[in-house]
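In case you want the letters, here they are:
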Amino acid sequence: MKFELVSQIGVKNSSLEEKIKSACFDTIYDLDRLDVAVAYATIQGVKLLESTLGQIPSNSRWVIGLDDAVTQPEALEYLTKLEGSEVRIGKMHRAARFHPKLYCLWSSNDDSKCVSIVGSGNLTISGFRENGEAAAIFTSESISDALLLKQQWKRMWQLGEKLSSLKLQSYRDTYMKAKKLRKELVDIGVTLPDSQSESQWEEGSYTQSGDPTSASNAWLEAGSASAGGRDLEFPKKMMPFFRLSATKETRKFIMGDGTEHQLTFTERTRNQMWRLMFTSEAIRAAIDRDTLRPTSGGNRSDLTIIFQRIKGSNDFALRMIRIDDYEFNKLLQKSRSSGSLERTTAGPGGRRYGFY
């Protein structure tokens with residue numbers, strides 16, 4: 001059995017999110033089953049896992065803890081509505097907590113394929129990106145390896161009890177009372193406030209719409225970036241997404257490593273295209289290179305830039321992914337389903353973009 005030890009230290013390349021992507025990349029289309037057992041889950045964490053995997057497999061099982069009233073009711077509701085999903089609540093005796101963090105992906109067609117992540121990270125953005133966490137990622141190399149990993153998760157499943165609508169409503173009331181009390185604990189320094197990233201990734205961020213003014217997410221292939229590979233040009237049709245009111249306007253972008261960068265949009269009146277000039281520091285924070293151009297092989301970029309509106313502000317979370325990443329195919333699917341998959345021009349020089 002192969003394994004990788006993960007030490008998450010709040011840096012993008014060391015995050016559990018990135019390590020899971022890497023571990024599953026070659027086999028993700030074969031891994032059609034997902035089993036999860038965690039102490040805490042947030043809707044933001046569920047959505048991040050969905051993004052990390054490209055999609056939640058059509059068959060999934062979840063055992064979620066309700067201890068300490070940290071798990072968000074919205075996360076439970078979302079999971080119960082997923083097609084092919086079965087949700088249980090972790091149940092221990094009164095003196096013990098349900099406290100695992102286990103994510104198991106496996107194939108129903110190939111008994112030898114399984115990837116299991118066991119560690120300290122809960123199903124939250126903090127657990128997958130920001131907290132100091134430790135984990136081990138196990139990849140099976142035989143049927144016996146896969147069976148061993150699946151049996152470990154099955155023991156957690158046996159600790160769960162079915163989530164009823166009555167239980168969910170009762171827990172929602174408990175959660176709201178606990179949320180008010182947690183604010184008092186934050187004020188006296190007993191506990192930390194909710195992660196800023198958790199509050200930015202609110203449920204409204206995931207509604208799909210083909211209208212750029214109401215969309216929560218937009219993306220654009222970088223193409224042949226000019227100005228030394230730092231100048232990103234936008235088609236006019238994308239610009240309502242950014243809600244600009246002047247021909248030159250600065251916005252705050254929060255990169256994948258959590259740093260904030262002020263970058264300026266400028267309108268080119270000649271062709272009514274807009275440009276966003278990146279700094280090398282901002283690009284490094286997003287993708288760990290100095291320009292949008294590929295590390296080798298010409299000027300045309302291999303990157304897609306993803307913008308996510310931060311609710312209640314004109315700020316944006318920004319990520320960069322390679323167009324050969326499996327996540328890029330999910331962008332195409334989401335934009336196609338919302339009727340917003342576009343192309344700057346016809347032919348090989350055109351760049352795809354979209355909203356959702």
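## Some thoughts on the overall build of the chain
Then, in step 1: Looking only at helices and strands, the chain features 9 helices and 17 strands.
Then, in step 2: Counting contacts in the chain only where the partners sit at least 6 residues apart, residues at least 24 apart contribute 68% of the total.
Then, in step 3: Of the roughly 17000 Å² of accessible surface on the chain, a fraction of 49% belongs to carbon and sulfur atoms.

## Overview of the side chain of Thr 52
Then, in step 1: With respect to the helices and strands, the residue Thr 52 is situated in helix α2 (residues 43–53).
Then, in step 2: Given a relative accessible area of 0%, Thr 52 falls into the buried group.
Then, in step 3: For Thr 52, the side chain forms a polar contact with the main-chain oxygen of Leu 48, separated by 2.8 Å.
Then, in step 4: Not counting the four nearest positions on each side in its chain, Thr 52 is found in contact with Glu 17, Ile 20, Lys 21 and Tyr 326.

## Observations regarding helix α8 (residues 280–287)
Then, in step 1: For α8, the set of buried residues is Ala 282, Ile 283, Ala 285 and Ala 286. Angular distribution of buried residues about the axis of α8 spans 160 degrees; they occupy a single face of the element.
Then, in step 2: Buried residues along α8 sit against β12 (260–268) and β15 (316–322).
Then, in step 3: In the segment just after α8, Asp 288 is the residue with positive phi, at about 60 degrees.

## Here's the deal with the sheet that holds strand β6 (residues 114–119)
Each strand in a sheet pairs with its neighbour through backbone hydrogen bonds, running either in the same direction (parallel) or in the opposite one (antiparallel).
Then, in step 1: Within the open sheet, the 8 strands sit side by side as β1-β7-β6-β5-β2-β3-β4-β8. Their pairing is mixed. Each edge of the open sheet carries a strand with a single partner, namely β1 (2–9) and β8 (160–162). Each strand axis lies, on average, 20 degrees off the axis of its neighbour in the sheet, ignoring direction.
Then, in step 2: The strands touched by helix α3 (residues 73–81) within the sheet are β3 (59–64) and β4 (85–90), with β4 carrying the most contacts at an inclination of about 145 degrees.

## Some remarks on the nonpolar core
A general feature of soluble globular proteins is that nonpolar side chains tend to end up buried together.
Then, in step 1: In terms of nonpolar packing, the biggest core is built from 41 residues, with Leu 49, Trp 62 and Leu 123 touching the most fellow members.
Then, in step 2: Tallying contributions element by element places α2 first for this core, with 5 residues.
Then, in step 3: Setting aside anything within four residues of it in sequence, one finds Trp 62 in contact with Leu 34, Val 36, Leu 49, Ile 56, Leu 79, Leu 82, Ser 85, Glu 86, Val 87, Arg 88, Leu 123 and Trp 157.
Then, in step 4: Counting residues in each nonpolar core, the second largest holds 32 residues, with Ala 218, Ala 225, Phe 241 and Leu 303 among its members.

## Brief notes about the sheet that holds strand β16 (residues 342–343)
Then, in step 1: Pairing in this open sheet of 9 strands is mixed, and the strands run β10-β13-β12-β11-β15-β14-β9-β17-β16 from one edge to the other. Two strands lie at the open edges of the sheet, namely β10 (231–234) and β16, each paired on one side alone.

## Some details on the environment of Arg 300
Then, in step 1: Inspection of the secondary structure puts Arg 300 in the loop between α8 and β14 (303–309).
Then, in step 2: For the pair formed by Arg 300 and Ala 222, sequence separation is 78 residues and the distance between their alpha carbons is 7.9 Å.
Then, in step 3: A polar contact is formed between the side chain of Arg 300 and the backbone oxygen of Gly 350, at a distance of 3.1 Å.

## Structural notes on the confidence of the model for the chain
Then, in step 1: Residues at a pLDDT of 70 or more form 90% of the chain, whose mean pLDDT is 86.
Then, in step 2: Scored below 50 in pLDDT, residues 200–209 shows 32 contacts in the model against residues more than four places distant or in partner chains.

Rules used throughout
- Sequence order sets the numbering: in each chain, residues are counted from 1 along the sequence as written.
- Whole-chain, interface and lining totals are the exception, using all residues; otherwise, since this is a predicted model, local features are given only for residues with pLDDT of at least 70 and side-chain atom pairs are given and counted only at 80 or more.
- Only hydrogens and water are set aside; all other atoms, that is, all heavy atoms of the structure, feed into the side-chain values.
- The helix and strand labels rest on DSSP assignments: H or I over at least four residues marks a helix, E over at least two residues marks a strand, and numbering proceeds from the N terminus.
- In what follows, a contact means two residues having at least one pair of non-hydrogen atoms within 4.5 Å.
- Here the open area of atoms and residues is found with the Shrake-Rupley method and a 1.4 Å probe, where only the protein chains shown may cover a residue.
- Classification of residues uses two cut-offs on accessible area relative to the type maximum, computed with a 1.4 Å probe and protein chains only: under 20% is buried, over 50% is exposed, and between them is partly exposed.
- The definition of a polar contact used here is a pair of N or O atoms within 3.5 Å, where within protein one atom must be able to donate a hydrogen and the other to accept one, and adjacent residues in sequence count solely through side-chain atom pairs.
- The arc refers to the directions leading from the helix axis to the C-beta atoms.
- A strand pair is defined by DSSP finding two or more bridges across the two strands.
- The convention used is that axes are lines fitted to C-alpha atoms, helices contributing only their stretch in contact, and that angles between N-to-C directions extend from 0 to 180 degrees.
- Only buried Ala, Val, Leu, Ile, Met, Phe, Trp, Tyr and Cys residues count toward a nonpolar core, and they belong to the same one when joined by side-chain atoms within 4.5 Å.
- pLDDT is a residue-level measure of predictor confidence that goes from 0 to 100.

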